[in-house]
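Below are the chains, spelled out letter by letter.
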Amino acid sequence: MTDITEMLIRRGYLWQSFEIYGGMAGFVDYGPLGNGLRRNLEKLWREYFVINERAVEIDTPTVGIEEVFVASGHVSSFTDVAIECEKCGKIYRADHYIKEKLGIETEETIDFISEVLSAYDVRCECGGRFKEPENFNLMFSTRIGPGRGKNGYLRPETAQGIFIDFKRLADYFRDKLPFGVCQIGRAYRNEISPRQGVIRLREFNQAELEYFVHPRDKKHPGFERYRDFQIPLVDKMDEEHNISLGKAVEKGIIAHELLAYFIGRTAEFLIDAGLKREKLRFRQHRDDERAHYAVDCWDAEAHTSYGWIEVVGIADRGDYDLTRHTEYSREDLSIFVPYEEPVKVKVRRFSPKMGLIGPKFKEKSKAIAKAVEEYNGKISDGKIIVRVDGEEYEIENSLFEVVEEEEFVYGERVVPHVIEPSFGLDRITYAILEHSFDTDVVDGEERRVLRLKRWMAPVQVAVLPLLSREPFTSKADEITLKLKRVGIFTEKDDSGSIGRRYRRYDEIGTPFCITVDHQTFEDSTVTIRDRDTTRQIRVKEGDLENVLKELLNSERDIFEFGMPFK
Ligand code: GAP
């Protein structure tokens, strides 16, 4: 077990689910600190992708009816190729197994995998041969209701709930593009052989933003902020570019400004959450790697002890989802987009001559005249064909007139395109923990310290009475209560020596420790100790709240707030 894994378990960040029954791969429990950290990550995400966008958040069921996933393409296409050993029966995800054994990337098709298995005589770890590869659908299926019930699936992404509600959402935004809709919640994938801890889970947490735009206007008013922003970009040919996002759009490496905006925004968010900038890159999907719905896709990847891992996928899904749901539900999921100025267009009208149509078609004449009026096809061989009550009628051009007119058009119906930044919160949480984990030497002793961003720490302040007796403990209780009341996550701890307590809070990432000592009772001051530098200041008890609020929301030095204290 690595040092960080041992610490995360011991201190209450992440635990194996179902541990007392032997555990189950692909599931993880968040202990009190892990849960706190992930909640803080969600809060920061909302600030970036909801509050500061034209966006709202919704919450839809985690179980979906079959129709949704037939329309979305997940029933037919959301598969990985599985290989099963003939001898021991072990099943592996084919592309991962081949990458591990041969170090090569494979196309995820049965034919390709089959060829690789036989060309390289790939065997199971037990020496056995593999059966023919098979497609394995990653969705968990279920039955809704008693008896034969109705087929359902646990959602493999939160996004579908948003597409299903599109009509209501467009109405909420008064049909005005662009707008964003997000959802934070659980997603489920029955991964074939998850062996990478928190990285590949069967139940995990996503934060997804579906940003609906006019197909001809893939821009964002905030792009200027990221035009000169630079972060390594690895294109689909595996070439790395170290250029600004603006240049990458100009050169056609990133398809449009809106994708580039979300790449910049995502990078800023991840760094603000605690990922190290130098361990972050964006990689474009190869053509054979893109999901069935994506037109272009860039992954944010973080470097960890597992290598480069995808933490966010940013895809241009085009109109795939809304078009498919329109087709399957027969609900019109387009919106009317008015032009800035009405446009004058020439239109051709078919005008029936009732005096001739009446006697010829008798009781059908009214319906036929209406069909002629609505006709917008071609005239061939001097006639048109219209359909009335399931029957076709040939109408000669002597029975109607063609009139050309000019009229104003006020807008058009549009199926919006969707740009989707999709965040895996578990992977980000884990990457934050790895990137923050550090050791240094304090007072001649090695110390473990989790250098979390101050605003991300699950325990922000620890109040430590120097001695575990009165009046120190009551004063510590009083301060703890005051800080909690103003929303600062605070713990009081009076067990063990002060040095041990400092080490404990350094290890779990608490940015500040407050110490109540003898001087507190003389001049109403306490000390604040900074986790990263271990430097201390003395401040007035009455100023504590404000000083801490300022420190916790910034990266300012504590010496700006009080006298150094040894
Ligand atoms: N709606 C788009 C979508 O779901 P995705 O790339 O499949 O896209 C988005 O997933 C993010 O969810 C990934 O970048 C990753 O961080 C996370 N994710 C996907 N599968 C996961 C798994 N099995 N375990 C943990 N996180 C996962």
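Residues numbered from 1 in each chain as written. Predicted model: local features only at pLDDT ≥ 70, side-chain atom pairs only at ≥ 80, totals over all residues. Heavy atoms only, no water.

**Structural notes on the overall build of the protein**
Phase 1: Along the protein, the regular secondary structure elements total 18 helices and 29 strands.
Phase 2: For the protein, the C-alpha radius of gyration of 31 Å lies well beyond 24 Å, the compact-globule estimate for 566 residues.
Phase 3: Counting only C-alpha atoms, the protein reaches 110 × 65 × 55 Å along its principal axes.
Phase 4: Expressed as a percentage of the 566 residues in the protein, the buried residues total 49%.
Phase 5: Sequence separation of at least 24 residues holds for 66% of the intrachain contacts in the protein that already meet a minimum separation of 6.
Phase 6: About 28,300 Å² of surface is accessible on the protein, with carbon and sulfur atoms providing 48% of the total.
Phase 7: Of the charged side chains in the protein, 85 are positive and 103 negative, and the gap between their average positions amounts to 2 Å. (Helix = DSSP H or I, 4+ residues; strand = E, 2+ residues; numbered from the N terminus. Rg over C-alpha atoms; globule rule 2.2 N^0.38 Å. Buried < 20%, exposed > 50% of the residue type's maximum accessible area, 1.4 Å probe, protein only. Contact = heavy atoms within 4.5 Å. Areas by Shrake-Rupley, 256 points an atom, 1.4 Å probe, with all protein chains shown as cover. Lys, Arg positive; Asp, Glu negative; His and termini not counted. Charge placed at Lys NZ, Arg CZ, Asp CG, Glu CD.)

**Here we look at helix H1 (residues 3-11)**
Phase 1: Along H1, the positions that sit buried rather than exposed are Ile4, Met7 and Leu8. Each buried residue of H1 lies within a common arc of 100° when the element is viewed along its axis, so the set occupies one face.
Phase 2: Contacts made by the buried residues of H1 are with strand E1 (14-16), helix H14 (425-436), strand E22 (437-442), strand E23 (445-450) and helix H16 (498-508).
Phase 3: After H1 finishes, the residue Gly12 shows a positive phi value of roughly 90°. (Arc of directions from axis to C-beta.)

**Overview of the sheet that holds strand E6 (residues 91-93)**
Phase 1: Taken in spatial order, the three strands make up an open sheet running E6-E5-E7, and their pairing is antiparallel. The strands lining the two open edges of the sheet, one partner per strand, are E6 and strand E7 (134-137). Taking each pair of neighbouring strands and ignoring which way they run, the sheet shows an average axis angle of 45°.
Phase 2: As judged from the three bridges shared by strand E5 (residues 79-84) and E6, these two strands associate in the antiparallel manner. Bridge assignment links Glu84 to a residue of E6, and that residue is Ile91.
Phase 3: Strands in contact with helix H5 (residues 94-102) are E5 and E6; relative to E6, the strand with the most contacts, it is inclined by about 85°. (Pairing = 2+ DSSP bridges. Axes fitted to C-alpha atoms, helices over the stretch in contact; angles between N-to-C directions.)

**Thoughts on H16**
Phase 1: Listed in full, the buried residues belonging to H16 are Arg501, Tyr502, Tyr505, Asp506, Glu507 and Ile508.
Phase 2: Taken from the residues just after H16, Gly509 is the one with a positive phi, measuring 95°.

**Observations regarding the site of the ligand**
Phase 1: In the vicinity of the ligand lie 19 residues, with Glu157, Arg189, Leu201, Glu208 and Glu310 positioned nearest.
Phase 2: A distance of 2.4 Å is found between a nitrogen atom of the ligand and a side-chain nitrogen or oxygen belonging to Glu208.
Phase 3: Here Glu310 contributes a side-chain N or O atom positioned 2.6 Å from an oxygen atom of the ligand.
Phase 4: Counting residues per element, the shell around the ligand draws most heavily on strand E16 (residues 307-318), at five residues.
Phase 5: For the shell around the ligand, the residue count by class is six nonpolar, four polar and nine charged. (Near = heavy atom within 4 Å. Polar contact = N/O pair within 3.5 Å; in protein donor to acceptor, adjacent residues only side chain to side chain. Nonpolar A, V, L, I, M, F, W, Y, C, P; charged D, E, K, R; others polar.)

**Some points on unusual backbone geometry**
Phase 1: Here the residue pair Leu177 and Pro178 is connected by a cis peptide bond, since its omega of -5° sits within 30 degrees of zero.
Phase 2: Note that Pro178 resides in the loop between helix H8 (166-172) and strand E10 (179-188).
Phase 3: A positive phi angle, near 50°, is found at Asp381, a position not held by glycine.
Phase 4: Here Asp381 lies in the loop between helix H13 (365-374) and strand E18 (383-388).

**Looking at the sheet that holds strand E9 (residues 150-154)**
Phase 1: Read across the sheet, three strands follow the order E4-E9-E8 without closing on themselves; strand pairing throughout is antiparallel. If you trace the sheet from one side to the other, it starts and ends with strand E4 (63-65) and strand E8 (141-144), each paired once. Neighbouring strand axes in the sheet, compared pairwise and without regard to direction, differ in orientation by 45° on average.

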